[in-house]
Structures are given as C-alpha cells and as structure tokens.
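Tertiary structure, described
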Amino acid sequence: MKYTIIGSGKIGSALARAFARQNIKVGITNTRGPESLAALAKELGANVVPQSSREALEAEVIFLAVPYSAYEDVARQREQWNGKIIVDTMNTFHTRPEELRGRLSSELVSEAFVGSHVVKGFNHLPAEQLGTSLSLPSQRQAIFLSSNESDASKTVAALARELGFAPVELGRLDQGGVPLHIVGGQPGGLLFQNLANNG
C-alpha cells in the first residue's frame, strides 16, 4: 500500500473520504485493530482498506492523524523511518506552550520520526470542512503544505491535486510554515481559513 492513514478519528475519517471520492486506494489503521474499521470501510468502499499497525507502517506516505499527545507512541514503533513521508495533520490546541519548548510541533515530530521527511498539511480546517464542496464546481479547496524537504512537499502536493485539492506550498517549517502551527498558545493565521482556487 502506497498511502495509509494512522488514526480513524474525525480527521482520519475525513481523509479516508477524500481518497474514496477519487478512487485512490489508502490503508487506514487505529489502536483498536482492523475489525473496528469494518463499518467505515463498508461505507467508503473497496479503496479504503483497514490495516494492522504493522501493515500501515510499510506505506510510503503516512498521514499522521492521531491526537498530538500520541505521536511519540507511533514514532516508537520503528527505530528508523527510512525516508518515508510523514504528513503531520495534527494540531496542538490542548497542548501547554511549555510542552513545545519554544519549538514548532512539526519540528518535534520530525525529530521523533528518525529518517523521515515530515510535511505539515491538511491540518488547517476542522474535519467537517475538509474536502467539502465549495460554491462553484470549478473551485478546489486550498490545502497548505510546509516542509524542510522540498521533494517531500512536492510529492504530497501532487497527491493533494489527485485528491481534488489546490495545494499551496509555503516552504520551510520555520518560515512559511509557521502560520500552520499553534505558536505561544495562539493559532497561526492560516488555521481555519477555508480558501479556494479556481480550476
């Protein structure tokens, strides 16, 4: 499986629906096991495949859609992530600023997933708005991406286009990517901005 989603909560399920709408195969896993995902898979069709945690970790592009407090538990499942692309969809609304140690959350995620390429994205909208139809059929919902690895960002941007979104690459995490994070307890300026691009 090339793509997988770790986490089947609101964001994980919204991402699975985006894949299903475009008939792109994706794995999905959670801590409760594949059986707990049977209803979601039945609803969304054959392109959404419940997986074990071990199967999910073999994907090339992994969407991390767990609560921020759980990312280290996921990272510990492998010692080395061998160039895999980790798409960090998490937000830190309920995290105390001191827990971030003056860092961006995605920088901490990058350090935890040793050897991976982290791309921040798909996190700026509430799950119920992600992938929802816009006012005009020609419009595509903007998805903002940021990464210290330009090739990884380009890979995720290409996938975002396949999923029907309009990707906007912002550059490095500590530069253009800052508005996608909670900084000092305050949401960055791109969070909650449901923007569209024509075509």
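Let me sum up the structure you'll find in this document. Computed from a predicted structure; not experimentally measured. Counting restarts for each chain: residues are numbered from 1 in the order of the written sequence. At least 70 in pLDDT is required for a residue's local features to be given in this predicted model, at least 80 for side-chain atom pairs to be given and counted, and no such filter applies to totals for whole chains, interfaces and linings, which use all residues. Values reported for side chains reflect all heavy atoms of the structure, with hydrogen atoms and water molecules removed beforehand.

1. Some remarks on the pattern of salt bridges
We apply this condition: The term salt bridge refers to a pairing of a side-chain nitrogen on Lys or Arg with a carboxyl oxygen on Asp or Glu at a separation within 4 Å. The helix count covers DSSP runs of H or I at least four residues long, the strand count covers runs of E at least two residues long, and both are numbered beginning at the N terminus. Working definition: with a 1.4 Å probe on protein chains only, accessible area under 20% of the residue-type maximum means buried, over 50% means exposed, and in between means partly exposed.
Counted under the stated rule, the structure contains nine salt bridges. The salt bridge partner of E58 is R78, with a shortest N-O separation of 3.7 Å. Placement of the pair is E58 in the loop between helix 3 (53-56) and strand 4 (61-64) and R78 in the loop between helix 4 (71-75) and strand 5 (85-88), with a sequence separation of 20 residues. Here R172 and D174 are joined by a salt bridge, their closest N and O atoms 3.6 Å apart. Given the relative accessible area of 37%, R172 is considered partly exposed. We classify D174 as partly exposed; its relative accessible area is 41%. Through salt bridges with shared partners, a single ionic network connects R96, E98 and E99.

2. Remarks on the layout of surface pockets
How we decide: Using only the protein atoms, space was sampled on a 1 Å grid; points where a 1.4 Å probe fits but cannot get out form cavities, open sets with protein on both sides within 12 Å along at least five of seven lines form pockets, and lining residues are those with an atom within 4 Å of a point. Grid points are joined across faces, edges and corners, and a volume is the space filled by probe spheres set on the points.
Approximately 960 Å³ is the volume attributed to the largest pocket. For the lining of the largest pocket, the element with the highest residue contribution is helix 4, accounting for four residues.

3. Points about unusual backbone geometry
A positive phi angle is found at N82, which is not glycine, with a value near 45°. Positive phi is not limited to glycine here, since R101 has a value of about 55°. Mapped onto the elements, R101 comes out in the loop between strand 5 and helix 5 (105-112). A relative accessible area of 58% means that R101 is categorised as exposed.

4. Section: the environment of S110
Convention followed: It only takes one pair of heavy atoms within 4.5 Å for two residues to be counted as in contact.
Structurally, the position occupied by S110 is in helix 5. On the accessibility criterion, S110 (28% relative accessible area) is partly exposed. It is 15 Å that separates the C-alpha atoms of S110 and S69, two residues lying 41 residues apart in sequence. In this view, S110 contacts V118 and L173; residues no more than four positions away in its chain are not counted.

5. Comments concerning the environment of F165
Considering the arrangement of structural elements, one finds F165 in the loop between helix 6 (150-162) and strand 8 (166-169). Judged by its relative accessible area of 2%, F165 is buried. Spatially, the C-alpha atoms of F165 and R140 are 5.2 Å apart, while their sequence positions differ by 25 residues.

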